[in-house]
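Coordinates in review
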Amino acid sequence: MTTLLYLKTSANGERSRSAQLCERFIQQRFDAQPDTRLITRDLVTQPLPHLGAEQWDALRLPASECSAEQLAYRHLSDALIEEFESADTVVIALPLYNFGIPSQLKAYFDLLARAGVSFEFTETGPKGLLRDRDVYLIATRGGTLDSNDDHQIPPVRQFLSLIGIQRVHALIADGLDLSPDSREQSLLAAHQRMAEIA
Ligand SMILES: Cc1cc2nc3c(=O)[nH]c(=O)nc-3n(C[C@H](O)[C@H](O)[C@H](O)COP(=O)(O)O)c2cc1C
């Protein structure tokens, strides 16, 4: 039995192309490995609290100094880290919104990053404490991006590296809003690539 964690992040519900691509990819994994346990976390319909001063302290103060609300945020962080650790494979739907990642995914990362729990500081820099595993980023874009302007995939790779994840595979479907032809070609190429990976 393997566990697959699927993070949904599109604001576009069932019309989301990143969700449609992820769900096809996950189905292909199921066909290959039927004993897969799926955990779906929809970060848009079940949003997580964003980081503020209260939340900042909640992850740093001793538990005895935390308010009930801060303890709840801390327990949420513990539960999300435990859920992530339980997954052998992670699939992240990654739409491009205003040149960056969805803010709901950023709120999730802010809860996953815990000094002393998911990473630690060493003399040579931060070191990830979570076990490495395959993480698939299924990225969608309306237009196209020059690699120097890519604030979608590199920040996610960098974050995952912080907590110990190096096996990150990115699949990009871009040009989705440029023209019907561009969309069709891009989705076809993405489907072919997914079939190869799965
Ligand atoms: C609020 C918003 C901002 C967007 N910003 C960009 C952008 O900066 N660059 C781009 O290429 N496409 C942009 N798009 C287009 C989306 O990336 C594209 O529609 C993609 O399919 C979104 O993924 P989804 O279908 O899974 O939601 C934006 C779309 C929305 C709704």
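Look a little higher up for the structure.
Let me sum up the structure you'll find in this document. Sequence order as written defines the numbering, with residues in each chain counted from 1. Restriction of local features to residues with pLDDT of at least 70 applies here, the model being predicted, together with a cutoff of 80 or more for giving and counting side-chain atom pairs; totals for whole chains, interfaces and linings are based on all residues. Excluding hydrogens and water, the side-chain values take into account all heavy atoms of the structure.

Now for the site of the ligand. Residues in contact with the ligand amount to 16 residues; listed here are only the nearest, Ser10, Ser16, Ser18, Leu96 and Asn98. Identification of polar contacts relies on pairs of N or O atoms within 3.5 Å, with a donor-acceptor requirement for protein atoms, meaning one able to donate a hydrogen and the other able to accept it, and with residues adjacent in sequence counted only if both atoms are side-chain atoms. Contact between the ligand and serine 18: an oxygen atom at 2.6 Å from a side-chain N or O atom of the residue. At a separation of 2.9 Å, an oxygen atom of the ligand approaches a polar backbone atom of phenylalanine 99. The Shrake-Rupley method, run with a 1.4 Å probe sphere, supplies the accessible areas, and residue values consider only the shown protein chains as cover. Protein contact buries 73% of the 630 Å² of open area that the ligand shows by itself. Three classes are used, and their members are as follows: Ala, Val, Leu, Ile, Met, Phe, Trp, Tyr, Cys and Pro are nonpolar, Asp, Glu, Lys and Arg are charged, and the others, Gly among them, are polar. Of the residues that constitute the shell around the ligand, the class distribution is five nonpolar, eight polar and three charged. What makes a residue near a molecule or strand is one non-hydrogen atom of that residue sitting within 4 Å of it.

A word on helix α5 (residues 153–162). Summary of the burial criterion: residues with accessible area below 20% of their type's maximum are buried, those above 50% are exposed, and those between are partly exposed, where the area comes from a 1.4 Å probe applied to protein chains only. In DSSP terms, a helix is any run of H or I states spanning at least four residues, a strand is any run of E spanning at least two, and both are numbered starting from the N terminus. Of the positions making up α5, those classed as buried are Ile153, Val156, Phe159 and Leu160. End-on view of α5: buried residues confined to an arc of 130°, all on one side of the axis. Elements in contact with the buried residues of α5: α3 (68–86), β3 (89–95), α4 (103–112), β6 (134–140) and β7 (168–173). Trailing α5 by a residue or two, glycine 164 shows a phi angle of about 110°, which is positive. It is the directions from the helix axis to the C-beta atoms that the arc portrays. We call two residues contacting when some pair of their heavy atoms lies within 4.5 Å.

Once that is clear, we can look at the pattern of salt bridges. One speaks of a salt bridge when a side-chain nitrogen belonging to Lys or Arg is within 4 Å of a carboxyl oxygen belonging to Asp or Glu. Applying the stated criterion across every chain yields a total of 10 salt bridges. Across the salt bridge formed by aspartate 88 and arginine 131, the nearest N and O atoms sit 3.4 Å from each other. With aspartate 88 in the loop between α3 and β3 and arginine 131 in the loop between β5 (125–128) and β6, this residue pair connects regions lying 43 residues apart in the sequence. For arginine 131, a relative accessible area of 35% translates into the label partly exposed. With its nearest N and O atoms 3.1 Å apart, the salt bridge here joins arginine 141 to aspartate 150. Residue classification places arginine 141 among the buried residues on the basis of a relative accessible area of 5%.

Further remarks concern the packing of aromatic side chains. Each pair of aromatic rings is reported with the distance of its centres and the angle of its planes. Aromatic pairing here means that ring centres of Phe, Tyr or Trp (its six-membered ring) are within 6.5 Å. Orientation follows from the plane angle: under 30 degrees is stacked, over 60 is edge-to-face, and everything else is tilted. Across all of its chains, the model carries four aromatic pairs by this definition. Aromatic side chains phenylalanine 109 and phenylalanine 159 sit 4.3 Å apart centroid to centroid with 20° between the ring planes, which places their arrangement in the stacked category. In this pair, phenylalanine 109 is assigned in helix α4 and phenylalanine 159 in helix α5, connecting sequence segments 50 residues apart. Ring geometry for phenylalanine 119 versus phenylalanine 121: centroids 5.2 Å apart, planes at 85°, classification edge-to-face. Phenylalanine 119 sits in the buried class, given a relative accessible area of 8%. Here the aromatic cluster, defined as three or more aromatic residues joined through ring pairs, consists of Tyr108, Phe109 and Phe159. Above the plane of the ring of tryptophan 56 lies arginine 60, whose end atom (NZ or CZ) is 4.2 Å from the centre. As a reminder, the over-ring test applies to NZ of lysine and CZ of arginine, requiring each to be within 6 Å of the ring centre and within 35 degrees of the ring normal.

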